[in-house]
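Listed below, chain by chain, are the residues.
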Amino acid sequence: MSTTFNLDTSTSRANPTPQPMKRLTVPGIRTRKQDGVTAEPIVMLTAYTARQAQLLDAHCDMLLVGDSLGQVIYGLPSTVPVTLDMMALHGAAVVRGSYHAAVIVDMPFGSYEESPAQAFASASTLLKASGAAGVKLEGGAAMAPTVAFLTERGIPVMGHVGLTPQAVNVLGGYAARGRSDAEADKIMADAKALDDAGAFAIVVEGVVEPIAIAVTEAVSCPTIGIGASARCDGQVLVTDDMLGMFERVPRFVKRYDNIAESIASAVKAYAAEVRDRTFPGPDQTYQPK
Ligand code: KIV
């Protein structure tokens, strides 16, 4: 199946679709895990732009508009400065560029931690502006009342435990979590609290493998691993990391391509042709009839 299609400029929607497909839903994703078993692992990648969404969509169950866009797109030092407006605009672009995957948008730091009411206002703004199917927020037991509040009011929530990048200033860095008994117990308690509160899935990030497996076995909803374990119910990576856009990536990232090198060599060739006046050539210039 072709993975590219046009955006209809009058509706800004992916149109026509390569094949008429019904977009996956949050309940459909949630029920992929039945009685502790996920027969077909859930595939998730980050997406930030319409074109990126077009290319990923047919292959993914979920597209995550991650607040990692702070570093990946905006060159920020962490996810802390990311705003609700950034998430809403990129979320809308990814929804416009997709027709198949369920699109989930990250709640940025500062937009939900204060109270369930603050979280509802932010999450509803994100869903209205983007058309996404649900939101993701970081934090465990402390966020469980918020997860229940949103879920009971019609907003599907994906949790995120273990290494939670928005808490980098408390954690002191991005090292793997769960190496001490206290950390392992906390990750397990956080995941169970989110599950009980109604999270439809939980990202388990940067967690030592035995704890990731134990969490996956302990919760009823699907776990989505990143730097965790192949035995999670699904996996997510930052797309730009797995495509090889950056020189340095965490060790849990597998590079499936090296597009930074392709871009650099294409740009080098272009620059040389501009400088020796071989671009534009006859094929790229207009002549009078
Ligand atoms: O922001 C993000 O991209 C994420 C994933 C890495 C899980 O939260």
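This text follows the structure it describes.
Residues numbered from 1 in each chain as written. Predicted model: local features only at pLDDT ≥ 70, side-chain atom pairs only at ≥ 80, totals over all residues. Heavy atoms only, no water.

(A) Structural view of the overall build of the chain. Check the secondary structure of the chain and you find 11 helices and 12 strands. Over its C-alpha atoms, taken along the principal directions, the chain stretches across nearly 75 × 40 × 35 Å. Per-residue burial for the chain yields a buried fraction of 48% across its 289 residues. Taking all contacts inside the chain whose residues are at least 6 apart in sequence as the whole, residues at least 24 apart take part in 56%. Of the accessible surface of the chain, which amounts to about 14500 Å², a share of 56% is contributed by carbon and sulfur atoms. In the chain, the 24 positive side-chain charges and the 30 negative ones have mean positions that sit 4 Å from each other. (Helix = DSSP H or I, 4+ residues; strand = E, 2+ residues; numbered from the N terminus. Buried < 20%, exposed > 50% of the residue type's maximum accessible area, 1.4 Å probe, protein only. Contact = heavy atoms within 4.5 Å. Areas by Shrake-Rupley, 256 points an atom, 1.4 Å probe, with all protein chains shown as cover. Lys, Arg positive; Asp, Glu negative; His and termini not counted. Charge placed at Lys NZ, Arg CZ, Asp CG, Glu CD.)

(B) A look at the nonpolar core. Counting residues in hydrophobic clusters, the biggest one holds 74 residues, and the most contacted among them are Met62, Leu63, Val135 and Ile202. Ranked by residues supplied to this core, first place goes to helix H8 (residues 181–197) with seven residues. (Core = buried A, V, L, I, M, F, W, Y, C linked by side-chain atoms within 4.5 Å.)

(C) A look at the site of the ligand. Taken together, Thr46, Leu64, Gly66, Asp67, Ser68, Asp106, Lys136, His160, Val203, Ile226, Val236 and Val238 form the complete shell of residues around the ligand. Contact distances for the ligand include 2.5 Å between an oxygen atom and a side-chain N or O atom of Ser68. One nitrogen or oxygen atom from the side chain of Asp106 is found 3.1 Å from an oxygen atom belonging to the ligand. Computed on the free molecule, the ligand has an accessible area of 260 Å², of which 95% lies beneath the protein chains in the complex. Looking at the shell around the ligand residue by residue, the classes come out as five nonpolar, four polar and three charged. (Near = heavy atom within 4 Å. Polar contact = N/O pair within 3.5 Å; in protein donor to acceptor, adjacent residues only side chain to side chain. Nonpolar A, V, L, I, M, F, W, Y, C, P; charged D, E, K, R; others polar.)

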